[in-house]
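Working through the structure, step by step
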Amino acid sequence: MIDLRRVDDREHLLLASYAMHSRDSAGRMRPELAHDYRGPFARDRDRVLHSSAFRRLSGKMQVFTGEMGEYHRTRLTHTFEVASVARTIARALRLNEDLTETLALVHDIGHPPYGHCGEDVLAEMLAPWGGFSHNQFAITIVTELEQRYTDFPGLNLSLEVLSGQDTRAHKAAAAVGRAPLLEVQIVDLADSIAYDAHDVDDALQMGVIEFEELSRLSLIARASRQVRDRYGTLPPNRRRQALVHELVDLQIGDLLESSMETLRVVDGQSADELRASGVRLMHSPEVAEERQELETYLFEAVYRHPRLVTVREAASGRLRELVEGLIHRPDRLPLRFRTRATEVGVARSVGDYLAGMTDRFCDTQHHYFTTHPAGPLTDW
Ligand code: MG
């Protein structure tokens, strides 16, 4: 007798054979009793949502900083857009939406302040101590730095969430022909669908790029034609919004079409069998090529725009001073990170402290550090 209040029954009824079913989860590092009405991945999602690292995403830049306007995405709103795109795809492919949403909410949680330039500074300066990667730092956050239980650190997330975020493990698995879970692949694809579209939106709105130049790219030209066919000639603001909507729609539609084709022949296989056979979801060759063209353009025209480069150089300089300064003066770390330094070493603890900061918090701590000769900085 099927009982739709039970997560296992609901998933059995709704999900495809190759979705990650909750009943097949490898569980958690520390076993827990099942919840009455929430599955394991729904509980993971809520733990991530209520973590302090998740809240700090609102103060971390995606591409553009707070001084550049009020319109553009922060890392938090980017994360919600990724979750929205990923859930749409997961539902259409009958994959596990709870797991997909959790993976989306956690995917950028390990980003340091100041966007990619913050990551570059930490990776370079911490190279002698193992470097820095936001994907790995996300795992450090959810297994060591977040505090939820009194007797052990971390959020005790399901092992599928941890391995989904572990890009080093993906590389090792790929070497022996194993692919990540489909839910993991979807979030990765949704991430780039979301940022391709919203970076176009933000850059156009801020006047960093011009519509006429952009519409020479074939993906944009195609989306613009759709907009024109549907709405006729629109004023620039409305045209930009319609274009971005069309860009997301077009990419999701293409991904769904090619994914359904791929998955049709593996119906009946389990998630693990699919991983072992190395199945990968991807865009059609045509859209993949067009996306490549768009991303190359965005890299040159937006991410290397002089306005951004100037902001980035100043931010990198502040972060460099803090890394170097704190490695020489670990006594100025907040108590929690002085203690942590005795466990993981000074440099790693400095990296963990700085990487957890929001942009503005990093600015204020840098100001305090450079204007006061002594005294510990503040914990986040
Ligand atoms: Mg992202």
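Look up: the structure comes first, before these words.
Quick caveat, the model's predicted, so the values are computed rather than measured. (Residues numbered from 1 in each chain as written. Predicted model: local features only at pLDDT ≥ 70, side-chain atom pairs only at ≥ 80, totals over all residues. Heavy atoms only, no water.)

A short note on the overall build of the chain
Secondary structure summary: the chain contains 19 helices and zero strands in total. Expected size for 380 residues packed as a compact globule is a radius of gyration near 21 Å; at 22 Å, the chain falls within 12% of this value. Structurally, the chain occupies a C-alpha span of about 65 × 55 × 35 Å along its principal axes. Across the 380 residues of the chain, 52% fall into the buried class. Accessible surface, the chain: about 18000 Å² in total, of which carbon and sulfur atoms supply 53%. (Helix = DSSP H or I, 4+ residues; strand = E, 2+ residues; numbered from the N terminus. Rg over C-alpha atoms; globule rule 2.2 N^0.38 Å. Buried < 20%, exposed > 50% of the residue type's maximum accessible area, 1.4 Å probe, protein only. Areas by Shrake-Rupley, 256 points an atom, 1.4 Å probe, with all protein chains shown as cover.)

Points about the nonpolar core
Judged by nonpolar contacts, the single largest core of 76 residues is most densely connected at I89 and L354. Considering each element in turn, this core owes the most residues, eight residues, to helix α10 (residues 182–205). Dropping the residues within four chain positions of it, I89 is found in contact with I186, I193, I252, L255 and L256. One finds F64, I209, L214 and L243 within the second-largest nonpolar core, a separate group that totals 27 residues. (Core = buried A, V, L, I, M, F, W, Y, C linked by side-chain atoms within 4.5 Å. Contact = heavy atoms within 4.5 Å.)

A closer look at the coordination of the magnesium ion
Bound to the magnesium ion are the protein donor atoms H78 (NE2), H107 (NE2), D108 (OD) and D191 (OD), situated 2.2 to 2.5 Å from the metal. In terms of primary sequence, the donors binding the magnesium ion are separated according to H-x28-H-D-x82-D. Of this pair, H78 sits in helix α4 (residues 75–92) while D108 is found in the loop between α5 (97–106) and α6 (115–125), placing the two residues 30 residues apart along the sequence. Each member of the pair, H78 together with D108, is buried. (Donors = N, O, S within 2.8 Å, 3.2 Å for Na, K, Ca; no water.)

So, the pattern of salt bridges
Under the defined criterion, the tally for this structure stands at 31 salt bridges. D98 is the salt-bridge partner of R45, the closest N and O atoms lying 3.4 Å from each other. Within this pair, whereas R45 is found in helix α2 (residues 40–49), its partner D98 is found in helix α5, the two being separated by 53 residues in sequence. If you follow the salt bridges from partner to partner, you end up with R38, R45, D46, R87, D98 and E101 in one network. (Salt bridge = Lys/Arg side-chain N within 4 Å of Asp/Glu carboxyl O.)

Describing the state of the cysteines
Between two cysteines, a covalent bond joining their sulfur atoms is known as a disulfide. Taken as a whole and assessed by the stated rule, the structure comprises zero disulfides. You can see C117 has no disulfide; the closest cysteine sulfur is in C362, sitting 9.9 Å from it. Residue C117 is classed as buried on the basis of its relative accessible area, which comes to 8%. A relative accessible area of 0% means that C362 is categorised as buried. (Disulfide = S-S within 2.5 Å.)

Details of helix α19 (residues 359–371)
The end-to-end C-alpha distance of α19 is 19 Å, a good match for the 18 Å that 13 residues give at a rise of 1.5 Å each. Of all the positions in α19, only D359, C362, Q365, H366 and F369 are classed as buried. An end-on view of α19 places all buried positions within 125° of arc, on one side of the element. Exposed residues lying more than 90 degrees from the buried face of α19 are R360 and H367. Packing partners of the buried residues in α19 comprise α16 (306–328) and α18 (346–355). (Expected span 1.5 Å × (residues − 1). Arc of directions from axis to C-beta.)

A few points about the packing of aromatic side chains
Inspection of every chain in the model, using the stated rule, returns six aromatic pairs. Residues F54 and F80 carry aromatic rings whose centres are separated by 5.8 Å and whose planes lie at 75° to one another, so their mutual orientation is edge-to-face. Of this pair, F54 sits in helix α3 (residues 52–56) while F80 sits in helix α4, placing them 26 residues apart in sequence. The class for F54 is buried, based on a relative accessible area of 4%. Using a relative accessible area of 40% as the deciding quantity, one classes F80 as partly exposed. With centroids separated by 5.5 Å and ring planes inclined at 45°, the aromatic side chains of F132 and F137 adopt a geometry described as tilted. Judged on exposure class, the residue F132 and its partner F137 are both buried. One Lys or Arg, R238, reaches over the ring of Y231 and ends 5.8 Å from the middle of that ring. The ring of W380 is capped by R336, whose NZ or CZ atom sits 4.9 Å from the centre of that ring. (Phe/Tyr/Trp six-rings, centres within 6.5 Å; stacked < 30°, edge-to-face > 60°. Lys NZ or Arg CZ within 6 Å of the ring centre and 35° of its normal.)

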